[in-house]
Every structure is written in C-alpha cells, then in structure tokens.
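Structural description and commentary
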Amino acid sequence: MRQASIIDIISPVMAGPSSSHTAGAVRLGLLARNVYNAKPDKVTFKLYNSYALTGKGHGTDKGLLAGVLGFSVDDERIKNIFDTPEAQSINYEFEFLQDFNRHPNAVDFIFEGGLNFTVSGDSVGAGEILLTKINNFSVNLSGKYNTILLVYDDKPGVISKVTGIIQEDKVNIASLYCDRSGKGKDASMCICIDGDLTKNCLNNLSDLKDMYIVRYIRKLES
Amino acid sequence: MDNINTFRQLYYTCKEKNKAIYEVALDYEASQGEYSEYHVRLQAKKSLDAMKDAIKTGLNCTEPSPSGMSGDDCDKLQKTSAKSILGSTPQKMMKYALATSEQNLRMGRIVACPTAGSCGIVPAVLIAFAEDNNISENEQINALITAGEVGRLVANKMALAGAVGGCQAECGVASAMAAAALTQMRGGSVKQIINAVALALKNILGLTCDPVCGLVEIPCVKRNPFLAIHAVTASELAMADIISKIPIDEVVDAMEQTGQLMSPLLKESSQGGLAKTKTAIALEKNILK
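Residues numbered from 1 in each chain as written. Chains lettered and ligands numbered in written order. Predicted model: local features only at pLDDT ≥ 70, side-chain atom pairs only at ≥ 80, totals over all residues. Heavy atoms only, no water.

**Examining the overall build of chain A**
To be explicit about the condition: Secondary structure elements follow DSSP: runs of H or I no shorter than four residues count as helices, runs of E no shorter than two count as strands, and numbering proceeds from the N terminus. Whether a residue is buried, partly exposed or exposed follows from its accessible area with a 1.4 Å probe, protein chains only, as a fraction of its type maximum: under 20%, in between, or over 50%, in that order. Residue contacts follow a heavy-atom distance rule, with two residues in contact if any of their heavy atoms lie within 4.5 Å. Computed by Shrake-Rupley with a 1.4 Å probe, the accessible areas treat only the displayed protein chains as cover when residues are assessed. Positive charges are assigned to Lys and Arg, negative charges to Asp and Glu, while His and the chain termini are left out of the count. Charge coordinates come from a single atom per side chain, which is NZ of Lys, CZ of Arg, CG of Asp or CD of Glu.
If you tally the helices and strands in chain A, you get 7 helices and 11 strands. Along the first, second and third principal axes, the C-alpha set of chain A runs to 50 × 35 × 35 Å. Split into buried and exposed, the 222 residues of chain A put 55% on the buried side. Taking the intrachain contacts of chain A between residues at least 6 apart in sequence as the baseline, contacts between residues at least 24 apart amount to 68%. Carbon and sulfur atoms make up 46% of the accessible area of chain A, which amounts to about 9300 Å² in all. The average position of the 24 basic charges and that of the 26 acidic charges among the side chains of chain A differ by 3 Å.

**Things to note about the overall build of chain B**
For the record, the criterion: Radius of gyration: over C-alpha atoms. The globule rule applied is 2.2 Å multiplied by the number of residues raised to the 0.38 power.
Scanning chain B for helices and strands turns up 13 helices and 1 strand. Its C-alpha radius of gyration of 18 Å places chain B within 12% of the 19 Å reference for a compact globule of 289 residues. Expressed as lengths along the three principal axes of its C-alpha atoms, the size of chain B is roughly 60 × 40 × 35 Å. Here chain B, with 289 residues, has 58% of them falling under the buried criterion. Counting only carbon and sulfur atoms, one obtains 52% of the accessible surface of chain B, whose full area is about 11700 Å².

**Observations concerning the packing of helix α10 (residues 190-202) of chain B against helix α12 (residues 248-261) of chain B**
Residue and element names in this part refer to chain B. Rules: Comment: axis = line fitted to C-alpha atoms, over the contacting stretch for helices; angle = value between 0 and 180 degrees taken between N-to-C directions. Convention used here: angles under 35 degrees read as roughly parallel, angles over 145 as roughly antiparallel, angles from 65 to 115 as roughly perpendicular, and any remaining angle as oblique. Handedness of a crossing is defined here by the sense of rotation of the near helix relative to the far one, left-handed for an anticlockwise turn of less than a right angle and right-handed for a clockwise turn.
Contact pair α10 / α12: the axes reach a minimum separation of 9 Å and the direction vectors enclose 25°. One element, α10, and the other, α12, form an angle in the roughly parallel class. Judged by the sense of rotation from one axis to the other, the crossing of α10 with α12 is left-handed. Along the contact surface, α10 presents Ile194, Val197, Ala198, Leu201 and Lys202, while α12 presents Ile248, Val251, Val252 and Met255.

**Digging into the pairing of strand β6 (residues 128-134) of chain A**
Residue and element names in this part refer to chain A. Formally: Any two strands between which DSSP finds at least two bridges are classified as paired.
Counting buried residues in β6 gives 5 out of 7 residues, a clear majority hidden from the surface. Taken together, the 6 bridges between strand β5 (residues 117-125) and β6 define a ladder with antiparallel strand orientation. Looking at β6, one finds that aspartate 122 is bridged to leucine 130. Connecting the antiparallel pair β5 and β6 is a turn made up of 2 residues, with alanine 126 showing a positive phi of about 55°. Pairing analysis gives 3 bridges linking β6 to strand β7 (residues 137-141), with the strands arranged antiparallel. Bridging across to β7, leucine 131 finds its partner in leucine 141. Between β6 and β7, which pair antiparallel in sequence order, lie 2 residues; one of them, asparagine 135, sits at a positive phi of approximately 50°.

**Thoughts on helix α7 (residues 199-207) of chain A**
All names here are of chain A. Stated precisely, the cut-off is as follows: Working definition: the arc comes from the directions between the helix axis and the C-beta atoms, pointing outward to the latter.
Looking only at α7, the buried set comprises Cys201, Leu202 and Leu205. Burial along α7 is one-sided: seen end-on, the buried residues are contained in an arc of 100°. Away from the buried face of α7 by more than 90 degrees, exposed residues Lys199, Asn200 and Asp207 are located. For α7, the elements touching its buried residues are β8 (146-153), α6 (158-168) and β11 (211-217).

**Structural notes on the side chain of A:Thr60**
Within the secondary structure layout, A:Thr60 lies in helix α4 (residues 60-68). In this structure A:Thr60 touches A:His21, A:Ala25, A:Leu47, A:Tyr51 and A:Gly55, once residues within four positions along its chain are discounted.

**So, the side chain of B:Ser67**
All names here are of chain B. Rule in force here: Between N or O atoms, a polar contact is any pair within 3.5 Å; within protein, one atom must be a potential hydrogen donor and the other a potential acceptor, and residues adjacent in sequence are included only when both atoms are from side chains.
Residue position: serine 67 is located in the loop between α3 (37-59) and α4 (73-79). Reaching out from serine 67, the side chain makes a polar contact with the backbone nitrogen of methionine 69 at a distance of 3.1 Å. With residues near it in sequence (within four places) discarded, serine 67 still touches Leu215, Glu217 and Ile287.

**What about the sheet that holds β11(A)?**
Residue and element names in this part refer to chain A. Spatial strand order, β9-β10-β8-β11: 4 strands in an open sheet with antiparallel pairing. Each of the sheet's edge strands pairs with one partner strand only, and the pair in question is β9 (172-180) and β11. Pairwise comparison of adjacent strand axes, ignoring direction, gives a mean angle of 15° for this sheet. Two strands pair when backbone bridges link them, and β8 and β11 are joined in this way by 6 bridges, in the antiparallel orientation. Residue tyrosine 152 lies in a different strand from β11, and its bridge partner there is methionine 211. Each of β8 and β11 is contacted by α7, which is oriented at about 155° to β11, the strand it contacts most.

**As for the packing of helix α2 (residues 19-36) of chain A against α4(A)**
Residues and elements named next belong to chain A. The condition is simple: Each residue gets one label: Ala, Val, Leu, Ile, Met, Phe, Trp, Tyr, Cys and Pro are nonpolar, Asp, Glu, Lys and Arg are charged, and the others, such as Gly, are polar.
Close contact between α2 and α4 brings their axes to 6 Å; oriented N to C, the two are set at 30°. Here α4 runs roughly parallel to α2, going by the angle between their axes. As α2 packs across α4, the resulting crossing turns out to be right-handed. Side by side, α2 and α4 meet where His21, Thr22, Ala25, Val26, Leu28, Gly29, Leu30 and Arg33 of the first sit next to Thr60, Gly63, Leu64, Gly67 and Val68 of the second. Across the contact of α2 with α4, the residue classes break down as 6 nonpolar, 6 polar and 1 charged.

**Quick look at the domain arrangement of chain A**
Often the size quoted for an interface is simply the accessible area lost on bringing the parts together. All names here are of chain A. Threshold: Throughout the structure description, domain borders are defined by an automatic or database domain assignment. What counts as buried area is the accessible surface, traced by a 1.4 Å probe, that two parts surrender upon association, with contributions from both included. Here, a salt bridge means any side-chain nitrogen of Lys or Arg that lies within 4 Å of a carboxyl oxygen of Asp or Glu.
Parsing chain A into structural domains produces domain 1 (6-135) and domain 2 (146-217). For domain 1 versus domain 2, the separation of C-alpha centres amounts to 26 Å. Counting residues at the interface gives 8 residues for domain 1 and 5 residues for domain 2. Regarding the contact of domain 1 and domain 2, the summed buried area is about 500 Å², with carbon and sulfur atoms giving 67% of it. On the domain 1 side of the interface with domain 2, the three residues burying the most area are Val35, Phe117 and Ile134, jointly 51% of the side's total. There are 0 salt bridges connecting domain 1 and domain 2. Inspection of the domain 1/domain 2 interface yields 2 residue pairs in polar contact (both at pLDDT 80 or more). It is α2 that contributes the most residues to the side of domain 1 that touches domain 2, 4 residues altogether. Per-class residue counts for the side of domain 1 that touches domain 2 are 6 nonpolar, 2 polar and no charged.

**Brief notes about the interface of chain A and chain B**
Facing 37 residues of chain A, the contacting portion of chain B comprises 47 residues. Note on chain A versus chain B: buried area summed over both sides is about 3400 Å², and carbon and sulfur give 61% of it. The three residues of chain A that bury the most area against chain B are A:Ile6, A:Ile9 and A:Ile10, which together make up 21% of that side's buried surface. Summed over the shared surface of chain A and chain B, the number is 2 salt bridges. A:Lys79 is the partner of B:Glu63 in a salt bridge, and the nearest nitrogen-oxygen pair spans 3.2 Å. Applying the counting rule to chain A against chain B returns 14 residue pairs in polar contact (both at pLDDT 80 or more).

As structure tokens, then:
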C-alpha cells in the first residue's frame, strides 16, 4: 500500500469539524461520484459504527452528500449543504447502522439511476480514505491514482490483453488488483496508474470481448 | 534513497548527510517520485496561510457552535484581567489554539494537521512563536515540514484517527509535531528535535477520544490549548538535552499497542468516558433532539 506523505499530514485545508468524519466523508463521496460517473436519481447512504453514532454531530451526512454532489473539502457551503440547489436536485436518504465486522468509519453508497451501483468505503484517518468494494467486487482505491476499473468474463488471457493495451499509452501501472465472483463468472480488475490514459486506450479496452464495464476513475484533487 | 520509515532511519540519514530534518524529509519525498521539493513547499505555504487566516477569523468571532455548547472561550481568554504566569508567548499559543479550534467547530476553514480535531495545536505553537521571535516565513515553512515528517513517520505505524487509536493519535501526535516544529525554530539539533517528539508522545499515551454528544467540542476545543503547552514543555526539556529513556520508535510502538488495547467505547464512539457522564447525557438530550 502507498505510504503516507508529508502532504497528507499538513493538509487538507478543509471545512471542519473532523478530518475523518467531515473531510474524509467528502472525499469518500467525491471518489464514489467518480466511480458512478453519472447523475444518480437517488443515493442511499448507509453509515456504520462511529460514522453512524457520531456522524450527525460531525457533519458526516453533510460531507458524504457534498462529495457526491462534487463539492470540494474546503467548501464552506458544506455547513448548509441540505439547503443548496444542488442537494435539492437529487433524492437521498441516510441510514445509521451498527456492524462491528465493518471498519469504525464505514459507508455504503447505493446509487440508483440509469445504472445501479453500490460503492463501499472507509475513512481510515486524517482525511485519508479507501474504497473497499464496488458492487460485489473487492477493490483498493485511495483516490491517489487514476484508476481503471474493469468488469469482465473470467477467461484466460484478459489480463495480458488489458496490460498490453495500457502499455500502448506508455503509462506505468502502480498496482493491479484482481477479484472474481467465481471461476468462469464475473471478474474485476482495478488498475492504478501513474499519469493519464488517452480516450483511445479506454475505447480499446471497451472493445475487448467479454468486457462489461470499463470505468476510468480519476484521482482526487484534494 | 534508502527507505525512511522510522525515526532511527531519519536520525542516521540526517547525521550521515549533515542535514536538517526538513531537508532530508524533502529529499525523501522527492525520491519517492510523487512530490518535488517545490510541490511540498507550496503546500506547506498554502497550509500556513490557511492556518493564519483561521487564527485571524477565530480571534474575532464569538459565534457559537451549531450545538451552542462552545464558541466563546477564545474571547474569554483574550479579555481576562488575570495576569498570566506563563508569559506572553505561551498565552498567545493558547489563544491561537482556541481561535482555530473554535473555527473548526463552526465548520469554518481550517487545516487538518494532522486531523481537524487537533487542528489548533501546530498552528498555535508555530505561529505564536514565529510572531514573537521574528521567524521568517521560510523558516516557518521549514518548521511545518519538520512537523509533517514527524506525523508521517507515526502515520506509517498507525492510523491517525480517534476511532482507531484514541485522542493520543490525534491531539497527541499534533502535540509531538508542534514540539518538533518549535524545537526546529529554536535552533535545536536533530537529536533534540527527536527527543522533543518522544517526550511529548510518551506523556500522552492512553489519551482517549470520548467526545460529548459525538461532537468535536467537549473536550476537544480546550484540549488544543492544553496540548499546545504540552509541546512547549517537551521542547523546553529537550533543549536542555533531557533524553527520553525509551527511544521514540519504541514509544510509537507503545502508542500503537495502547490504541489497540483501548476499548472501542473510548475511541470516537461516544459510548464511554466523558461522553457517558450524567451531564453529557443531559446535554445530549437537549442538543440532539
């Protein structure tokens, strides 16, 4: 896993009051927004454990919604997010749950719309976050890297085709994480890269046989 | 460049290259390929400016927090007629710590350094000392980078989150970072800076996170000035060459273990400690209706 940088420690500049419960929540929302990559009709937020118990007081609910709506962590409108036109333009609800198998600061985003997506993540401290699950696939997304998420038929040779296509863009793969729901069933690949991919490369990935979902998840700016 | 994952590695790299902590830290960040010296200095300057803005706004604001439980302590400390026995710079540190923390609970703009709950400590110590001692902006940036390196090394061992390690991992680490920044600005040696960190951390082990009503207010706001002064104590002792008998890396290990042993009831869940006192429960009934 990526190590902390000095920059993580002396930033972000953010709207208070809690880095894990406010800024972390905004960042989880922003990254989940990048994963979903469309305007949802409805978002259900499931907050777990400490997020559920102390979330209201820390503005966790406001932060998660602000992130999904694309507000940055230092936006002082987060305080009154529920009153903004952006918030009033979508449907949302919050659920507060306890599950000690989950991280103390865990959340599920359930997006409904053209596509239904469930994105799960944790706020792991000092505003740092990790998305751990997208639909039923395990992932490992910190928002520090541009990341390609692929869902495809579990067949031999896909990984080599994918890395070959990425190589054409001359970008370095920082990490590659694979998972599958079962042998010969749905599989997922989560590829973190240094640098940026071209549209052409993404099109080539989409054109691969047996590829269902190609998502380019941009890293977070703050 | 070899890995720097421990304070021991940091110390020996500084010795070997005859460089200050912030210089080695900048070299190391650059060698990791993600952030150049320019990039880190730019962020440090941005953070320092935001810290100064938060202090300025906080000093002139008495707006209560949304809960109504806090927001006027900085004003009270500024207006007190009691003569300070600490002297003007430490008293200024306490005011600045309160000013920043109160801005935080108003959902105002602050710098999470390392976290938002502990946002008042590093700015208070760094900026109050810098103002009273004509420390240049460049030296302030060096001090903030020194503090950042301390936080980075602790964060490599344990998550800096109250929900994971208790308040020792938030205000405790902030205080150790502030002690490092202060000792750097005072011209302390690498050894003195690292000892200041060890002394600060060692003396807050076991600090729980039990916020009343789950809000970053009680005890968080007042804990910031307390741990700002804690950083001053650590720096004073270290500058006198007082050594932590337990080396800093082992103190960090002890802190990590203490965090694991701490009950989840005392780690940002508001289910124990101050959060479950009679008064806290009464406040909860009033506020969270």
